[in-house]
Amino acid sequence: MKKILEIENLTVSFDGFKALNNLNFSMNPGELRVIIGPNGAGKTTFLDVITGKVQPTKGRVLFKGKNLKKIPEYKIARMGIGRKFQTPRVYLNLTVRENLDLVCNHNKNVFSTLFKPPKSVESRTVGGLLETIGLEAKANAPAELLSHGEKQRLEIGMLVAQSPDLLLVDEPAAGLTDEETENVGALLLSLAESHSIIAIEHDMEFVRQIANNKVTVLHQGSVLCEGTMDEIQNDPKVIEVYLGKAPSITPEQMNILRIAVSMAWADGNFTPEQMNVILSRLSREFAIDTEHQYSLQQELQNYLAKNIPLEELVPKLKNFGEKERVLKLSYEIIRSNKMNRQEIEVYQKLLKLLDLPDDIVEQVETEIEAKYK
Amino acid sequence: MNNKIKKQKKRQKIIETGIVIGLVIIFAVILPIVLPGFRLRLLGRILSLSIVALGIDLIWGYTGLLSLGHGIFFALGGYALAMHLKLQIPEGQLPEFFTLYGVKELPGFWHPFYSFPITIVALIVIPGIVAGLLGYLVFRNRIKGVYFSIITQAALLVFFNFFNGQQKLINGTNGLKTDTETIFGMLAGSDSVQKIFYIITVIILVAVYYFCRWLTSGRFGRLLVAIRDDETRVRFSGYNPTGYKVLVFGISGAIAGIAGALYTVQTGIITPKFMEVPFSIEMVIWVAVGGRATLIGAIIGTLLVRLAQTFLSESLPEVWLFFQGALFLIVVTVLPDGIVGWWRTWAWEKLSYMLGLKERIVTYPSLEENPETKQEREQLSDR
Amino acid sequence: MSALIEGLFNGISIGSVLLIAALGLAIVFGLMGVINLAHGELMMLGGYTTYVVQNVFKPWGEPWFSCYILVSIPIAFIVAAIAGIILERGVIRFLYGRPLETLLATWGVSLILRQLVRSVNWLLVICIGVFCLLFFGGMRLLSRRPDWERIRNLVIAILLPMSTAIAVVTGFLLSQIPALTKAWFSARNVDVTAPSWLRGGVKVLSFQMPYARLFIIALTIICLIAVYWFLNRSTWGLRIRAVTQNRAMSSCLGIPTAKVDALTFAIGSGLAGVAGCAVSLLGSVGPNTGQNYIVDTFMVVVVGGVGNLFGTILAALGIGIINYLIGSGTLALMASSVESLKPLVDVLLFFATSSMAKVMVFALIISFLQVKPAGLFPQKGRTAEL
């Protein structure tokens, strides 16, 4: 398959400061790629180079196989790259409809804009878009009267109106309420069905919502690692960059933590009691002394990630002791609040995967039941 | 709902056309009869200045480019027509000033101006091209904002110096006198010809006004506003702002050229003084007083400021500069939207409450005027 | 050869006048993004101050008279700086973030200043004094009231016409006294006579280096060093540089940005005053003195780039030298010795007057901007343009 975007050995330096350093990147058509990275990792410069705002010092950017060097921004936009800025940038003195209509224009030459009346196809597209972004009622209001979230949606709408092949989205969730964030996420996911998207994001919760494929981590101007969300979250390099140090627990211990977490997520609801059980129990078990126990509890909190299928995790358990420990922990987690059917189902699955002798299971269960009586 | 809006729009259009026709009748038919010759000339000059103001409104009000050098294009238009008038002499003779400097042969660039049609085309096209070229050289490098203003001002000074220094080409400081020349066999300074010039000015003003309306009402006009609001966004949407800016600056220059030609024949002379720095900045203040991005404001502003200038500098010449300076300060700080903007956003609202044309807002504008809330309310009352 | 040295010297001397005039403008523009169209009028104020100081020193005779120029420099600085502070506090601070409007407002100020020096007399000063006393005094008194915010607009609406009316009436009553209505400077230009030690010149090779021009060059260098020292070595200079780079952040760190603005503007204006003092040695001073320099100094700022002193120096000297070499015909003379450059010589001769040289220099500047749109030393990085 032909790559939609390829970046080879890209370096951008401002007066000797390398904002991007020998970066290599590629993505397939139809992919939704999330790019994360700490501040100053070069995320926005990365977008600047793709859109032609900044020229590469070294290396090249290929869009659909075509080198973008020295092509002005507007031509790159016409080739099919649309960009959403960090803060919403819409035309404040135009109405919502006019905003969309301007971008929708198929022929953006000076004279055709001046002399040709808008096509009916275009006005229909605008109507459809207004519906998609949910701003029909405000179609004739000037954009300066819109709220921040509405402006974000309008800008995404404008991006779609441009009908690009590749969408570049810079922190779409910045400054939005939880509900708005979710709306924007859903909008992006639905757009991903027909477009290739690169999204830059800080909000990890939001990243988990939209990252259905690969995630790329930038650090100091180059790609630190690439992979699925779970791979990224377990990658010691990433954790080090984000948290400033490597995790102090072993991979085996991490594995146990993950299984416990997926038990807690079994009914799709992670209650505080469950979190408490996980954190206090595990930190007590992994810690050397009380002080360490406390710091560990803080640290573990960072790894409470979403659901990874049990089938992947359980086979990694090495010995009988670990399995027993997992069983104890899991049962306590589901027992810590009222058990429901989904939890029991997942628990049954876990039992089958663990493949422990029945008497041991029974012994553990009665032990914990006794504690909760 | 849509029908209602359409009907309303149609009615508005009829009213507007009526007003325009009425004004044209007043200005083009009644005033020439009522006013004495020299007052009419004055009014004609002011009206031709309001044509430049329309051009400035296009680039400043709509596109957000503040040009301080419109005097260049204004004077170029004026020179083009004045050269044609200077050539209304028997074949083989030279305009008399050439003999003062010992020039024996007509400089080459004068020749096209023998023909009237070419002159008319030239007085529109030359300023337009000069403006477009200057604009292209500046805009392609994304020089904007204050830098653009300063560069246009420098260009103005340069043109001033150039015209001032070239006695042998265009009579330098002394300029070209048109009053004593003939046009189509009639003396350009005579009352009857001046009256014709006046009426032409009114007609062209209306034509230019409608031309600007057409430019700014469609997608093109909205793109100009978009460039003013956020040029980077325009670029990333696939438009090349340079082309649009060059075109609109060129159009604005061409409009200034037409205005300059009309102003010249009604003043009776053109000199490099038309390209002095203060005059070009004054043009901007006319637009600011009337209200930016309103077109009609440009005309109103020019009329008001120029009339005030005429009366003040006739009676109290010392005060005029103080007054003008204060005008700059006041318009910028207190009345940034100009008279028309103030009328639309503030005075008209108040007045329509008083006359009962509009319901007074009792709670919050967001509650009473928000379309979403309105829609909800309508749905509820339908039930 | 000597022609070239003479050309260079004269060019540098023109350039140093440009530089001293552009210095203040560049600092203000770098910090606040504001172009001050009244900068030329502040120079003019400096020139008039020099004239006044000269007249004060005249009756004292020698040797006092010889050093009036040294006294007038700091006084010109202070006068212009005060005017600058009034301008900044009174007008410009309301217009931050609207550079084009600032441009227009400062033009209004420049018009007022120009007419002011023409018609200023004791009567006008008294009227303005009466007005300020009534209006601002009244505002100050009433602003102590607890309901000030509510009655503010009303107070302005009443006080403004009232104090204006009283001032005008006072003016009419006092206008009977002829001593009060005599204009201080009138519309004619006034002349500053250089002290004897600045007349004449030193002979180098075959041409004269006038002392006045050498003095201006020295003055420019001193100003440059002072500005450099101030910006790079003093606490307030550090603050100014901080605000230039990131206004919001500086404000968060507790730097009083409003004070920094006022101070910068005062220094920029003060430098204009010094420049006016220098200019008064070269020719007569009149209401339109400032206008002769203003556009050239703008060009210096455009070519030099924002926020870099070195760029301003280079641009000023470059423009000054090129201007002189073309305008005096030195270049044409030099090129004429080579036969193959004949067409070039014709072109150069066409531009060999001081006003036509400006045409050529402008063309050169425009072509320079095609290569370097943001000036000699543009700001770099992601935030540079947006």
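Rules used in this analysis
- Residues numbered from 1 in each chain as written.
- Chains lettered and ligands numbered in written order.
- Predicted model: local features only at pLDDT ≥ 70, side-chain atom pairs only at ≥ 80, totals over all residues.
- Heavy atoms only, no water.
- Helix = DSSP H or I, 4+ residues; strand = E, 2+ residues; numbered from the N terminus.
- Buried < 20%, exposed > 50% of the residue type's maximum accessible area, 1.4 Å probe, protein only.
- Contact = heavy atoms within 4.5 Å.
- Areas by Shrake-Rupley, 256 points an atom, 1.4 Å probe, with all protein chains shown as cover.
- Lys, Arg positive; Asp, Glu negative; His and termini not counted.
- Charge placed at Lys NZ, Arg CZ, Asp CG, Glu CD.
- Salt bridge = Lys/Arg side-chain N within 4 Å of Asp/Glu carboxyl O.
- Buried area = accessible area lost by both parts, 1.4 Å probe.
- Polar contact = N/O pair within 3.5 Å; in protein donor to acceptor, adjacent residues only side chain to side chain.
- Nonpolar A, V, L, I, M, F, W, Y, C, P; charged D, E, K, R; others polar.
- Pairing = 2+ DSSP bridges.
- Axes fitted to C-alpha atoms, helices over the stretch in contact; angles between N-to-C directions.
- Parallel < 35°, antiparallel > 145°, perpendicular 65-115°, else oblique.
- Left-handed = near helix turned anticlockwise from the far one by under 90°.
- Disulfide = S-S within 2.5 Å.
- Core = buried A, V, L, I, M, F, W, Y, C linked by side-chain atoms within 4.5 Å.
- Domains from an automatic or database assignment.
- Expected span 1.5 Å × (residues − 1).
- Arc of directions from axis to C-beta.

K.L.:
Looking at this model, I keep getting lost on the overall build of chain A. Mind explaining?
P.N.:
A tally of regular secondary structure across chain A gives 17 helices and 10 strands. The buried share among the 373 residues of chain A stands at 52%. Considering only contacts within chain A whose residues lie at least 6 apart along the sequence, 70% involve residues at least 24 apart. Of the roughly 17,300 Å² of accessible surface on chain A, 49% is carried by carbon and sulfur atoms. Across chain A, the 45 positively charged side chains and the 51 negatively charged ones have centroids separated by 8 Å.

K.L.:
What exactly am I supposed to notice about the pattern of salt bridges here?
P.N.:
Side chains that carry opposite charge are capable of pairing whenever their charged atoms lie near each other. Residues and elements named next belong to chain B. One pass over the full model with this rule turns up 31 salt bridges over all chains. For the salt bridge of Glu-314 with Arg-39, the shortest nitrogen-to-oxygen distance reads 3.9 Å. Taken as a pair, Glu-314 in helix α13 (residues 296–315) and Arg-39 in helix α2 (residues 37–62) lie far apart in primary sequence, 275 residues in all. Note on Arg-39: relative accessible area 27%, which makes it partly exposed. In this structure, Glu-96 engages Lys-86 in a salt bridge whose closest nitrogen and oxygen atoms are separated by 3.8 Å. A residue pair is termed long-range when its members are at least 10 positions apart, and Glu-96 in helix α4 (residues 96–100) and Lys-86 in helix α3 (residues 70–86) qualify at 10 residues.

K.L.:
What is the right way to look at the interface of chain C and chain B in this model?
P.N.:
For interface size, the figure often reported is the accessible area lost on association. Taken together, the contacts link 41 residues of chain C with 41 residues of chain B. Summing the contributions of chain C and of chain B, the shared interface buries around 3,900 Å²; its carbon and sulfur component is 77%. Between chain C and chain B we count one salt bridge in total. Across the pair Glu101(C) and Arg292(B) runs a salt bridge whose closest N-O atoms are separated by 3.0 Å. The interface formed by chain C and chain B holds six residue pairs in polar contact (both at pLDDT 80 or more) in total. Elements supplying a minimum of two residues to the side of chain C that touches chain B: α4 (99–119), α12 (289–304) and α16 (354–371) of chain C. Residue contributions to the side of chain C that touches chain B peak at 16 residues, all from α4(C). Tallied by class, residues from the side of chain C that touches chain B come to 28 nonpolar, seven polar and six charged.

K.L.:
Would you explain the sheet that holds strand β9 (residues 215–219) of chain A in this entry?
P.N.:
Paired through backbone hydrogen bonds, the strands of a sheet run either parallel or antiparallel to each other. Residue and element names in this part refer to chain A. Spatially, six strands are ordered β6-β7-β8-β3-β9-β10 in an open sheet, and the strand pairing comes out mixed. Two strands bound the open sheet, and with one partner strand each, they are β6 (81–84) and β10 (222–227). Strand-to-strand twist across the sheet, computed as the mean angle between neighbouring axes with direction ignored, equals 20°. Pairing of strand β3 (residues 32–36) with β9 involves three bridges; the strand directions are parallel. Across the sheet, Val-34 pairs through a bridge with Val-215, a residue of β9.

K.L.:
Is there a simple way to think about the packing of α3(B) against helix α11 (residues 241–267) of chain B in this case?
P.N.:
Helix-helix packing is characterised by the crossing angle of the two axes and by the distance between the axes. All names here are of chain B. Relative orientation of the contacting elements α3 and α11 amounts to 50°, with a least axis distance of 6 Å. Regarding the angle of α3 to α11, the classification is oblique. With respect to the hand of their crossing, α3 and α11 are arranged in right-handed fashion. Touching His-70, Phe-73, Phe-74, Gly-77, Gly-78, Leu-81, Ala-82 and Leu-85 of α3 are Phe-249, Ser-252, Gly-253, Ala-256, Gly-257, Ala-259, Gly-260, Ala-261, Tyr-263, Thr-264 and Val-265, all from α11. Broken down by class, the residue content of the contact of α3 with α11 amounts to 11 nonpolar, eight polar and no charged.

K.L.:
What should I look at first to understand unusual backbone geometry in this one?
P.N.:
With the exception of glycine, most residues fall at negative phi, and the peptide bonds are largely trans. Residue and element names in this part refer to chain A. With a phi close to 50°, Asn-22 is a non-glycine residue in the positive phi region. With respect to the secondary-structure elements, Asn-22 resides in strand β2 (residues 17–27). Take Asn-22: its relative accessible area is 44%, and that puts it in the partly exposed class. Residues other than glycine seldom take positive phi values, yet Glu-171 does so here, at roughly 45°. If you trace the backbone, Glu-171 turns up in the loop between β7 (166–170) and α7 (178–192). Among the residues examined, Glu-171 registers a relative accessible area of 10% and is labelled buried.

K.L.:
Any chance you could explain the sheet that holds strand β1 (residues 5–14) of chain A here in plain terms?
P.N.:
Residue and element names in this part refer to chain A. With antiparallel pairing, four strands are arranged side by side in an open sheet as β2-β1-β4-β5. Only two strands of the sheet have a single neighbouring strand rather than two, namely β2 and β5 (66–67). Pairing of β1 with strand β4 (residues 58–63) involves five bridges; the strand directions are antiparallel. Paired with Glu-6 across the two strands is Leu-62, which belongs to β4. Contacts between helix α1 (residues 43–51) and the sheet are confined to β1, β2 and β4, with β1 contributing the most and set at about 115° to the helix.

K.L.:
I'm lost on the state of the cysteines in this one. Help?
P.N.:
Disulfides are covalent bonds that connect the sulfur atoms of two cysteines. Counted according to the given criterion, the structure contains zero disulfides over all chains. Cys67(C) forms no disulfide, and the closest cysteine sulfur to it belongs to Cys277(C), at a distance of 13 Å.

K.L.:
What am I meant to see in the nonpolar core here?
P.N.:
Within soluble globular proteins, side chains that are nonpolar generally end up buried alongside one another. With 263 residues, the main nonpolar core has Leu154(A), Leu54(B), Trp60(B), Phe74(B), Trp110(B) and Ile151(B) as its most contacted residues. Take this core: its biggest share by element is 15 residues, from α2(B). Looking at this core, you find at least three residues from each of domain 1 (5–88 + 157–241) and domain 2 (94–141) of chain A. Look past the residues within four positions of Trp110(B) in its chain and what remains in contact with it is Met83(B), Lys86(B), Leu87(B), Pro95(B), Phe97(B), Phe98(B), Leu169(B), Ile170(B) and Leu176(B). Membership of the second largest hydrophobic core comes to 35 residues, among which are Ile256(A), Ile278(A), Leu350(A) and Ile360(A).

K.L.:
Mind showing me how you'd approach the domain arrangement of chain A here?
P.N.:
Here chain A is partitioned into domain 1 (5–88 + 157–241), domain 2 (94–141) and domain 3 (251–371). When each unit is reduced to the centre of its C-alpha atoms, the spacing between domain 1 of chain A and domain 3 of chain A is 36 Å.

K.L.:
Got a minute to help me understand helix α17 (residues 358–372) of chain A in this structure?
P.N.:
For an α-helix, the turn length of 3.6 residues means that residues three or four places apart are oriented alike. All names here are of chain A. The terminal C-alpha atoms of α17 lie 21 Å apart, and with 15 residues this matches the ideal 21 Å at 1.5 Å per residue to within 8%. What α17 keeps buried is the set Ile-360, Val-361, Val-364 and Ile-368. Along α17, the residues classed as buried sweep out an arc of 105° about the axis, all on the same side. Among the exposed residues of α17, those oriented more than 90 degrees off its buried face are Asp-358, Asp-359, Glu-362 and Ala-370.

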